[in-house]
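# Observations on the three-dimensional arrangement
Listed below are the residues making up each chain.
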Amino acid sequence: MRLFVLILFVIFLFPPTADAAALGSPLISCQGSSAVYYLDRQSTRHAFPNEATYFSWYADFSRITAIPTYACAKYPLGKNATVRPGIVLLKIPSIPTVYAVSAPNTLRPIESEEIARTLYGDSWNLPGPQGPLRDLSETFFANYVKGAPLTAASDFRPSDESAACANLDECLSLPSALSYGFSDPSAALTPTNLLLPLPGAAAYDPLFSLSAKRISDPLKFSHPTKETPEPFNADGTLVLLDEDEETVVRDLHTLATVYRIPANRQLPKWDPTSANALYFFSENNASDDNKIHLYRVQVRTGIEEEIGVMPSPFNRIRTAVSRNAISQDGKWLVFLAGHIDNEGIWSMIAYDLKTTSLVQSTVIVDHTAHQACDDLDADLLEIQPSPLGHFAVLRWETPETPEEKSADPCTGVEIHDLKTGSYLGHVSNHPFAGDMGVNKNGDEIYVTTNQTRTGLRLVSTTLPGSVRFQDGYTHELLPIQEGRVGSISCHSGNGWCAMGSNKPAAENTPLLGELFLVGTDTKTLGAPAPTNRLFFHRSSACVDKSTPRPAWSADGSKILFASDWGICRGRSYSFLLPLPH
C-alpha cells in the first residue's frame, strides 16, 4: 500500500528538545518527508507504515505538527507503529488467512467466516472504508507475533482488546515478539495439509509462517546423524547427515555433498572453532599399529592430518557412548577408552585438542560409599564435556525400582571433574533424553524431563548440580504430557532449547507432533517458561530413524530435523527449518 502524503507547514518555531507534551501532540512530520511519526514518552519516533495503521488510532490529520528536518534528527528512530488491537482485521496479500489483532501486537487467525461475521458484521471481508479488512504487507509482518487461532467468537472481544492499548505507548512499551510460530503452549492446533516437497523445495505452513526445506538426496533416505547430535558446522553452512548407511557432509546452500566420511573413520565431530574442519578417530583395532589415531580433516579439500595417537594400553573406544560434541571453545574432547583384551575395563579420557595432551582418569563414582561402577560397558549411556569445558558429564542407565536406584552408585546424570574424574554432583535421576546448554546468565545447564506425581515436567539444573542425589532439579520449565518430548537440543547458547515431540498430532493436543522452542531462564520453580511452537514435523516417528531429532545450529538461526512426512517407511528425509530472527 502506498504511503500517504501529507502537505504540512511549519506553524511555529520549533524548540529542538521539545517532547510530545510541549508540542501538544505525539504526532509529528519532518519537513521534506511524507512520513508521519508517533513520538513516545522517551522521545523516540515510530513511523506509521501505512494509512491503515494510522487511521486505526486517529480519525484525521489535524493533530500532526510539522517540524524542521534538523529537529527530526534529534529523535532516534524506533520500531514501526502497529495497528490498534481490535479495530481492524488484517490479511497478508499472498495468504488467504484473515487475522484479528489482540493486544499486544498479536495476530490471531480466524478459523471461520461465521466467527469473523459475529465479531465484525456482514462487511467483515470488505476493505476500508466499507469494511474493517486491511492488507498487511509481508514487509511489516515481522512487527507482530502469531497468536492462537480464534476457534469461537467468544474467545475475542474487540472492545476489550482495544482498551488494552489505549495509546501507542502502551503497545510500544511491550517487549517485541517473534513474527513466526505460536507463543501459547496450550492452544490446540490443526495441522495444515502440506504435500511432501521435492528435494531442494520447501513446504510453507501459514499456521506458523515458516517453511521447511527438504535437503536430502532424492534417491536416498536420510536423517541427522545420531552419532553426532550437533550436526551443524561452526557457521551453520554445512551439516552432517546419515544417508543409506553412509555419513556425508552436505552444503546447505547448494545441497551438494562436499565430503563423505571414510568407512574406516568413526565418531565424526565438528571443530566448533573452524567452519570446515571435522575430527574423527580411526576404526577400533583397524590400524596397522593396533592403536587409536585422532584425525582432523578439512572437508572442502579432503586434506587430513593426524592430531595424536592414544597411548598404551588404549586401543579401543566405546563408540556407543563417546558420541557427543567437543566443548564450545574447541578444547576438550571426552570419551571412554579401553583395551580389547580387557572387556568392561574402561577409563574416561579428556583430550586437550589445543595442546594435544591427554588426561586419563578411572571413572569413580564416590557419592555412595566411594564405590566404583560395576559395569561401565553395559550401564553407561553417554559421556561428553560440558559446553564450556568445565565438567565431564556421564549419563547412566537407571535401575527400574527406587530400591535398586538407591543401591546403585552409577545412575542418572552425573557431573565429574574433567581432569580427575572425581564426582561433583547430580542433575538428574533418570536416563530420559536431555541436553546441555548455556543460559543467558552464562551458567551451564542440563535440560531434560522429569516424571513427578502430577505428570511429566520439562526441567533444568545448573551444573554441577547437587551432591545430594535426592535434591533433584532447580527449575521447572514446562508442564508437558508423556511422550511429547522425543529429543532436546540446547547448544545454541542463547538460553533456549529446541525440542521435538515424537507422537504425531492426530489428537489436536498442544505440542504433539511439533517442533518447538522453550526458554530456560525461569527464575523460580513452577514459573512458566516462554515457548515458541514452530512447525508440525509430520513424521510418523514409527521407527528410530524417522524420529524428528531436531538439532539447532550454534547461532540459533536454523533447525535440522527428520521426517517421513506421515508415511512409515522405516526411514526418513532431512529438512531444514530456517528461523527468521
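Structural notes, computed from the coordinates. Owing to the predicted nature of the structure, the values given are computational and were not obtained by experimental measurement. (Residues numbered from 1 in each chain as written. Predicted model: local features only at pLDDT ≥ 70, side-chain atom pairs only at ≥ 80, totals over all residues. Heavy atoms only, no water.)

## Quick look at the overall build of the protein
- The number of helices and strands found in the protein is eight helices and 38 strands.
- A buried classification covers 53% of the 581 residues belonging to the protein.
- The contacts of the protein with a sequence gap of at least 6 include a subset with a gap of at least 24, amounting to 57%.
- In the form shown here, the protein has an accessible surface area of approximately 24300 Å², with 52% of it arising from carbon and sulfur atoms. (Helix = DSSP H or I, 4+ residues; strand = E, 2+ residues; numbered from the N terminus. Buried < 20%, exposed > 50% of the residue type's maximum accessible area, 1.4 Å probe, protein only. Contact = heavy atoms within 4.5 Å. Areas by Shrake-Rupley, 256 points an atom, 1.4 Å probe, with all protein chains shown as cover.)

## What to know about the sheet that holds strand 36 (residues 551-552)
- Within the open sheet, the five strands sit side by side as 10-11-38-37-36. Their pairing is antiparallel. A strand with exactly one partner marks an edge of an open sheet, and here the two such strands are strand 10 (202-205) and strand 36. (Pairing = 2+ DSSP bridges.)

## Digging into the pattern of salt bridges
- Counted under the stated rule, the structure contains 18 salt bridges.
- For the salt bridge of aspartate 160 with arginine 157, the shortest nitrogen-to-oxygen distance reads 2.8 Å.
- Using a relative accessible area of 43% as the deciding quantity, one classes aspartate 160 as partly exposed.
- For arginine 260, the salt bridge is made with glutamate 246, and the minimal N-O distance between the two is 2.9 Å. (Salt bridge = Lys/Arg side-chain N within 4 Å of Asp/Glu carboxyl O.)

## Quick notes on the environment of alanine 71
- On the secondary structure map, alanine 71 appears in helix 3 (residues 69-72).
- Here the alpha-carbon distance between alanine 71 and cysteine 30, two residues 41 residues apart in the chain, equals 8.2 Å.

## Points about the environment of isoleucine 110
- As for its placement among the helices and strands, isoleucine 110 is situated in the loop between strand 7 (106-109) and helix 4 (113-120).
- Sequence separation between isoleucine 110 and leucine 150 is 40 residues; the distance between their C-alpha atoms is 4.9 Å.
- Residues contacting isoleucine 110, with those up to four places away along its chain left out, are Leu89, Val98, Tyr99, Ala100, Ile115, Ala116 and Leu150.

## A word on unusual backbone geometry
- At the junction of glycine 128 and proline 129, the peptide bond is cis and its omega measures out at 5° in the coordinates.
- Structurally, proline 129 is set in the loop between helix 4 and strand 8 (133-135).
- A cis amide bond links leucine 463 to the next residue, proline 464, at an omega of 10°.
- Its location among the elements puts proline 464 in the loop between strand 30 (455-462) and strand 31 (475-480).
- For glutamate 245, which is not glycine, the phi dihedral falls at a positive 65°.
- Position of glutamate 245 relative to the elements: it lies in the loop between strand 13 (238-243) and strand 14 (246-251).

## Remarks on the sheet that holds strand 3 (residues 45-47)
- Taken together, the four strands give an open sheet; going across it, the order is 3-2-1-4, and neighbouring strands pair in mixed fashion. The open sheet terminates on both sides in strands that have one partner only, identified here as strand 3 and strand 4 (65-67). Adjacent strand axes in the sheet meet at a mean angle of 40°, parallel and antiparallel pairs treated alike.
- Bridge analysis of strand 1 (residues 27-30) against strand 4 gives three bridges, and the strand direction is parallel. For isoleucine 28, the partnering residue across the bridge sits in strand 4 and is threonine 65. (Axes fitted to C-alpha atoms, helices over the stretch in contact; angles between N-to-C directions.)

## Things to note about the nonpolar core
- Leu534, Phe535, Ile559, Leu577 and Leu579 are the most contacted members of the largest nonpolar core, which has 18 residues in total.
- Going through the elements one at a time, strand 11 (210-214), strand 34 (514-519), strand 35 (531-536), strand 37 (558-563) and strand 38 (573-578) are the ones with two or more residues in this core.
- Sort the elements by how many residues they give to this core and strand 38 lands first, with three residues.
- Leu294, Ile307, Ala337 and Leu353 belong to the second-largest nonpolar core, a separate cluster that totals 16 residues. (Core = buried A, V, L, I, M, F, W, Y, C linked by side-chain atoms within 4.5 Å.)

## A few points about the state of the cysteines
- Going through the model one piece at a time under the given rule, you end up with three disulfides.
- With its sulfur 1.6 Å from that of its partner, cysteine 30 forms a disulfide with cysteine 72. Across the S-S bond of cysteine 30 and cysteine 72 the torsion is about -95°, and the bridge reads as left-handed. In this pair, cysteine 30 sits in strand 1 while cysteine 72 sits in helix 3, placing the two residues 42 residues apart along the sequence.
- Taking relative accessible area as the criterion, cysteine 30 reaches 7% and is therefore assigned buried. (Disulfide = S-S within 2.5 Å.)

## Let's talk about the pairing of strand 23 (residues 357-361)
- For strand 22 (residues 346-352) and strand 23, the ladder comprises five bridges, and the chain directions are antiparallel. Of the residues in strand 23, the one forming a bridge with alanine 350 is valine 359.
- Hairpin connection of strand 22 to strand 23: four residues between the antiparallel strands, including threonine 356 at a positive phi of 50°.

## A look at the pairing of strand 2 (residues 36-39)
- Burial along strand 2 is two-sided: Val36 and Tyr38 facing one way and Tyr37 and Leu39 facing the other are all buried.
- In the sheet, strand 1 pairs with strand 2 via three bridges, with the strands oriented antiparallel. Looking at the pairing, serine 29 lines up with valine 36 of strand 2.
- Turn length for the strand 1-strand 2 hairpin, with the two strands adjacent in sequence and antiparallel, is five residues, and the turn residue glycine 32 shows positive phi of about 85°.
- Two strands pair when backbone bridges link them, and strand 2 and strand 3 are joined in this way by three bridges, in the antiparallel orientation. When the sheet's bridge partners are listed, tyrosine 38 is paired in strand 3 with histidine 46.
- Counting the residues that bridge the hairpin from strand 2 to strand 3 gives five residues, and of these serine 43 lies at a positive phi of roughly 60°.

## What to know about the packing of aromatic side chains
- Taken as a whole and assessed by the stated rule, the structure comprises 13 aromatic pairs.
- Residues phenylalanine 221 and tyrosine 573 carry aromatic rings whose centres are separated by 5.7 Å and whose planes lie at 25° to one another, so their mutual orientation is stacked. Placement of phenylalanine 221 in the loop between strand 11 and strand 12 (222-224) and of tyrosine 573 in strand 38 is noted, with a sequence separation of 352 residues between them.
- Owing to a relative accessible area of 27%, phenylalanine 221 belongs among the partly exposed residues under this scheme. (Phe/Tyr/Trp six-rings, centres within 6.5 Å; stacked < 30°, edge-to-face > 60°.)

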